[in-house]
Amino acid sequence: MEYRELGRTGEKISTIGMGTWRMGTHGSPAERASQLGVLKRGIELGINLIDTAEIYASGRSEEIVGEATEKIRDEVFLATKVAPGHLRYDDVIKACHGSLQRLRTSYIDLYQVHWPDLSVPIKETMAAMEKLVADGSVRYVGVSNFSVKETEEAKASLAKNEIVSNQVYYSLTHRDVEADVLPYCERENVTLIAYSPLDRGSIVNSIPRAILRKYGMAQAQVMLNWVTRHDKVVAIPKAASVVHLEENAASVSARFDQAEYTQISEA
Ligand code: NAP
């Protein structure tokens, strides 16, 4: 597994993380066991970044992550998110305590604001974030679905901490962030966490055959390798099957050359 520095924290997170949206949705014992198996296999393969959110499956995604990681807490880097309806000071504190309980941990590595809520001053949300860092409940503060302007405002609202990451939609076929968010992240040393990097399962079939053959990769693996071609980007694909998970973990075992990245971009 390849690892990258989170923001400028010195913390190493895996270039390929595990997304957990929809985990826990149905909640049958067999499904739960299979999801636990996928998470544990990912950790065995060196994936330490696991992304969840209080709203995923109404908290059951966090519960599965908590169950998978409780006994190996130091080996993983847990990222979760506070929902947009919980951005008032007291609500952030309460939401965080709920997440801690479901995640079976005393600290969240990366606590992210899931979406901006323009009706709540960002200063108020960030004040709660600083309190959570000060009391040891949270290690690093991040945002998600923030524009450059919103990220700057969040950053300016923090007295003692930095915004270390922005989690946004980024894939081979969804590249809006290349206009401004990605250059900003690279310039300011903010990690861009690419969500839906496999376009929610709409795997492209346009990757040049010569590249697939040369690297022995599947199209989905090329999508993940391509989206993480910049140092400040990590990706969090979601896999429900071990086969997909293993493919994803292996997707950055080699790097393409610049001409090949360009060919893939243009394909
Ligand atoms: P995604 O990771 O782009 O795609 C997931 C789909 O791709 C699933 O259907 C999965 O199938 C399939 N897949 C996974 N690996 C594959 C492989 N190697 N080959 C072929 N298909 C493969 O979509 P996502 O779940 O939307 O995004 C990933 C994560 O990002 C989420 O789980 C969540 O943690 C985060 N996210 C965050 C936000 C936000 O607002 N911050 C929004 C959306 C998502 P199987 O499940 O059958 O393996």
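Everything below is about the structure printed above this text.
Let us look at the structure shown here. Residue indices follow the written sequence of each chain, beginning from 1 at its first position. The predicted origin of the model limits local features to residues at a pLDDT of at least 70 and limits the giving and counting of side-chain atom pairs to 80 or more, whereas totals for whole chains, interfaces and linings rest on all residues. To obtain the side-chain values, all non-hydrogen atoms of the structure were included, while hydrogens and water were left out.

## Quick look at helix α2 (residues 60-69)
As a reminder, the rule being used: Each residue is placed in one exposure class: buried if its accessible area under a 1.4 Å probe, protein chains only, is under 20% of its type's maximum, exposed if it is over 50%, and partly exposed if it falls in between. To qualify as a helix, a DSSP run of H or I must reach at least 4 residues; to qualify as a strand, a run of E must reach at least 2; elements of each kind are numbered from the N terminus.
For α2, the buried fraction is high: seven of the ten residues fall into the buried class. Turning to α2, its buried residues number three or more, namely Ser61, Glu62, Ile64, Val65, Gly66, Ala68 and Thr69.

## Topic: the packing of helix α5 (residues 148-157) against helix α6 (residues 181-188)
To keep things clear, this is the line we draw: Between N-to-C directions, angles cover 0 to 180 degrees, with each direction set by a line fitted to C-alpha atoms, over the stretch in contact for helices. Throughout, a residue-residue contact means that at least one pair of heavy atoms, one from each residue, lies within 4.5 Å.
One can describe the packing of α5 onto α6 by two numbers: an axis separation of 10 Å at closest approach and a directional angle of 35°. The residues of α6 that touch α5, namely those facing Val148, Thr151, Glu152 and Lys155, are Val181, Tyr184 and Glu188.

## A few points about the site of the ligand
For the record, the criterion: Being near a molecule or strand, for a residue, means having at least one of its heavy atoms within 4 Å of it. The definition of a polar contact used here is a pair of N or O atoms within 3.5 Å, where within protein one atom must be able to donate a hydrogen and the other to accept one, and adjacent residues in sequence count solely through side-chain atom pairs. Accessible areas in this description were obtained via Shrake-Rupley with a 1.4 Å probe; residue shielding takes into account the shown protein chains only. Whether a set of points on the 1 Å grid over the protein atoms alone is a cavity depends on a 1.4 Å probe fitting there but being unable to get out, while an open set qualifies as a pocket with protein on both sides within 12 Å along at least five of seven lines; lining residues are those with an atom within 4 Å of a point. To be counted as sitting in a cavity or pocket, a molecule needs more than half of its atoms within 2 Å of that site's grid points. Amino acid classes used here: Ala, Val, Leu, Ile, Met, Phe, Trp, Tyr, Cys and Pro are nonpolar; Asp, Glu, Lys and Arg are charged; the rest, including Gly, are polar.
As a structural note, the neighbourhood of the ligand is formed by 29 residues, with Ser196, Leu198, Ala240, His244 and Asn248 the closest of them. Here Asp51 contributes a side-chain N or O atom positioned 2.9 Å from an oxygen atom of the ligand. The separation between a nitrogen atom of the ligand and a polar side-chain atom of Ser144 is 2.9 Å. Coverage of the ligand by the protein chains reaches 87% of its 910 Å² of free accessible surface. Assessed atom by atom at 2 Å from the grid points, the ligand resides in the largest pocket. Among the residues forming the shell around the ligand, the class breakdown is twelve nonpolar, eleven polar and six charged.

## Focus: the packing of helix α4 (residues 122-134) against α5
Where we set the bar: Orientation categories follow fixed angle ranges, with anything under 35 degrees roughly parallel, anything over 145 roughly antiparallel, 65 to 115 roughly perpendicular, and all other angles oblique. Handedness of a helix crossing follows the sense of rotation of the near helix relative to the far helix, less than a right angle counterclockwise being left-handed and clockwise being right-handed.
Running from N to C, α4 and α5 point in directions that differ by 50°, and their axes come no closer than 9 Å. The pairing of α4 with α5 is recorded here as oblique in orientation. Regarding α4 and α5, the two cross each other, and that crossing is right-handed. Here α4 contributes Ile122, Lys123, Met126 and Glu130 to the contact with α5, which in turn contributes Glu153, Ala154 and Ser157.

## Considering the nonpolar core
The following threshold applies: Working definition of a nonpolar core: buried Ala, Val, Leu, Ile, Met, Phe, Trp, Tyr and Cys residues. They are joined through side-chain atoms within 4.5 Å.
If you look at the biggest cluster of nonpolar residues, it comprises 70 residues, and the most contacted ones within it are Tyr111, Met126, Tyr170 and Leu192. Once you skip the residues sitting within four places of it in the chain, Leu192 turns out to touch Asn166, Val168, Tyr170, Val177, Val181, Leu182, Cys185, Lys232, Val233 and Val234.

## Examining the packing of aromatic side chains
Formally: Here a Phe, Tyr or Trp ring, Trp counted by its six-membered ring, pairs with any other such ring whose centre lies within 6.5 Å, and the pair is stacked when the planes are under 30 degrees apart, edge-to-face when over 60, and tilted otherwise.
Applying the stated criterion across every chain, the model contains six aromatic pairs. Their ring planes at 20° and their centres at 6.4 Å tell us that Phe77 and Tyr140 sit as a pair that is stacked. Here the residue Phe77 occupies a position in strand β5 (residues 77-82), and Tyr140 occupies one in strand β7 (residues 138-144), the gap between them amounting to 63 residues. Centre to centre, the rings of Tyr170 and Trp226 are 5.8 Å apart; their planes meet at 55°, and the pair counts as tilted. You can see Tyr170 sitting in the loop between β8 (163-169) and α6 and its partner Trp226 sitting in helix α8 (residues 219-227), a full 56 residues away along the chain. Given the relative accessible area of 0%, Tyr170 is considered buried.

## Some words on the pattern of salt bridges
The condition is simple: Any carboxyl oxygen of Asp or Glu that lies within 4 Å of a side-chain nitrogen of Lys or Arg is treated as forming a salt bridge with it.
Under the counting rule described, the total for this entry stands at 20 salt bridges. As a salt-bridge pair, Arg104 and Glu70 come within 3.0 Å of each other at their nearest N and O atoms. Here Glu70 lies in the loop between α2 and β5 and Arg104 lies in the loop between α3 (89-103) and β6 (108-113), a separation of 34 residues in the sequence. Using a relative accessible area of 39% as the deciding quantity, one classes Glu70 as partly exposed. Through salt bridges that share partners, Glu11, Arg73, Asp109 and Arg139 make up one connected network.

## Comments concerning the layout of surface pockets
Operational definition: Grid points are joined across faces, edges and corners, and a volume is the space filled by probe spheres set on the points.
Its boundaries defined by the atoms lining it, the largest pocket holds a volume of some 600 Å³. Along the walls of the largest pocket sit 30 residues, with Trp21, Arg22, Ser196, Arg200 and Lys238 positioned nearest its centre. Considering each element in turn, the lining of the largest pocket owes the most residues, three residues, to helix α9 (residues 242-249). Taken together, the residues of the lining of the largest pocket break down into 13 nonpolar, ten polar and seven charged.

## Quick look at the side chain of Glu54
The line we're drawing: His is not counted, nor are the chain ends; Lys and Arg add positive charge and Asp and Glu add negative charge.
Here Glu54 shows up in the loop between β4 (49-51) and α2. Buried and unpaired, Glu54 has Arg102 as its nearest opposite-charge partner, separated by 4.3 Å. At a separation of 2.7 Å, a polar atom in the side chain of Glu54 contacts the main-chain amide nitrogen of Ala83. Apart from the residues within four sequence positions on either side, Glu54 is in contact with Gly59, Glu62, Thr80, Lys81, Val82, Ala83, His86, Ala95, Ser99 and Arg102.

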